[in-house]
Amino acid sequence: MVKISRYILVLIGILATAVAIPDLFWTIFRQGSSTPNIMYSNVLDDFIIVKSTDDGIVRMDTRGNIYTSDQVEELLPLMFFRQLSADGKMPDSLKGVALDHAIINRNRGSYSFMPRNINTPAPVMLPLLESKSGRVNLSLPEDMFRLKNRMEFIVASTNKIDKQKSKLFNDALIEKGFAFPARLIAGIPTTLKSKDEGYFVRDNRGDLFHLKMIQGKPFVARIDIPENMNIIHIECVDHRTSEFYAYLYTKEGEVYLLMDEIYYLQRLPIAKFDYTSEMLRVRYDVFGKTISVIGSNYIKVTRVDDIYEVSDYYEETWKPVYERDDHRMFARLFPFEIRMQVPDSRYVSFFMNFPKGHNWLLINVLFVAAAVVILRRKKRDLKKNAVDLAIILVSGIFGFVATQVFPNKFYD
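J.: Lay out the environment of S157 with the relevant residues and their values.
T.: Secondary-structure assignment places S157 in the loop between β8 (151–155) and β9 (160–161). S157 sits 159 residues away from E316 along the chain, and the two C-alpha atoms are 55 Å apart.

The following block contains the structure:
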């Protein structure tokens, strides 16, 4: 029993060092991101690429022309209009469109998606705001709702179900053919938005519905989607133009915009999107949208006009992460690492990360040799410490530290 307790302590030591030592390594040696910042210039009708190199920051177009920081600002007037206005360099119009601040602000914005947006805890209770209160500012309700086998509103102050309101909304959903329970609920559950559009809900059959509250009454709209469309994630947005409600992601790798009021599905003209590993970044301006799909060692940028026709495309690759100097050094030193959080998840748990290759075996053997030297100096029997040596061979520095902190004293 005492031996088992000791090995439990060794295991805890391995877990602790597998978190702490790699974390210290990345704090000291982590290199900056290789991902370039790519923007679209409506002046050049070309992409502007800003990247970090050994010689510093480089700003260039796809034809190889190099620009200074000030020149880039003039080539991107819709992005740097405040600075250009202060410098007296802001053009009055571009491509026949007047460029006043109101027009630029109303048509500019950005959106980002990362895999952790999906791999994240989902709230069970949500607030349903009043969509047409007549007030300028939105306010939170006194109750919260849940969608399980029925829709129920729970009054926050008493923790009791509001049966009348629950029945009103529940009946409205059933009337539209909603099948309980809800598989997916998406909205913006905060007052920090320009207006409230409620929630978009996918029912148990996979059908899509729009749910909101208008002057205390339920509003439910059934949205027509293709039968084979498997929506796995929805992200609602609050853009000034109110052009669309949300981004819809499908299991097949398609990304759609759910257009405002008419509920038309506009597919983004990008290749199959891997929502488990790729990032999506969209920038808006008066003339169109720049859509970037970012992977571990590549970026694909598509420029579309205001009717979503592709007008330009750019692609760039760089070294994979495991070929960078910091990752190659890590792969030589550590057989694995344990993280409490990872970039593609908002959950806090134990996540194990294994480096590419088996270069760490040499370091592990060296730690086994060091352990043998220590045991011989202490005149310990190697056979009786064979389990410790095997632990060090597998876990390297983590097992070495753990077995030294919690030494094997049973054979002294």
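J.: Which residues make up the pairing of strand β11 (residues 199–202), and what values go with them?
T.: Of the two faces of β11, the one carrying Y199 and V201 and the one carrying F200 and R202 are both buried. Bridge analysis of strand β10 (residues 184–187) against β11 gives four bridges, and the strand direction is antiparallel. Paired with G187 across the strands is Y199, a residue of β11. Summarising the sheet, β11 and strand β12 (residues 208–214) pair through four bridges and their orientation is antiparallel. Note that in β12 the partner of F200 across the bridge is H210.

J.: Lay out the side chain of R303 with the relevant residues and their values.
T.: With respect to the secondary-structure elements, R303 resides in strand β20 (residues 298–304). One polar contact links R303 to T290, side chain to side chain, over a distance of 2.9 Å. Contacts of R303, omitting those with residues within four sequence positions, involve Y40, N42, F47, D285, F287, G288, K289, T290, E309, V310, S311 and D312.

J.: Explain the sheet that holds β9 residue by residue, including any values.
T.: Spatially, the three strands line up as an open sheet ordered β7-β8-β9, and their pairing is antiparallel. Each edge of the open sheet is held by one strand with a lone partner, namely β7 (143–147) and β9. Both β8 and β9 contribute to a ladder of two bridges, which runs antiparallel. Residue pairing across strands places I154 opposite I161, the latter belonging to β9. Strands in contact with helix α5 (residues 163–175) are β7, β8 and β9; relative to β8, the strand with the most contacts, it is inclined by about 155°.

Scoring rules and cut-offs
Residues numbered from 1 in each chain as written. Predicted model: local features only at pLDDT ≥ 70, side-chain atom pairs only at ≥ 80, totals over all residues. Heavy atoms only, no water. Helix = DSSP H or I, 4+ residues; strand = E, 2+ residues; numbered from the N terminus. Buried < 20%, exposed > 50% of the residue type's maximum accessible area, 1.4 Å probe, protein only. Pairing = 2+ DSSP bridges. Polar contact = N/O pair within 3.5 Å; in protein donor to acceptor, adjacent residues only side chain to side chain. Contact = heavy atoms within 4.5 Å. Axes fitted to C-alpha atoms, helices over the stretch in contact; angles between N-to-C directions.

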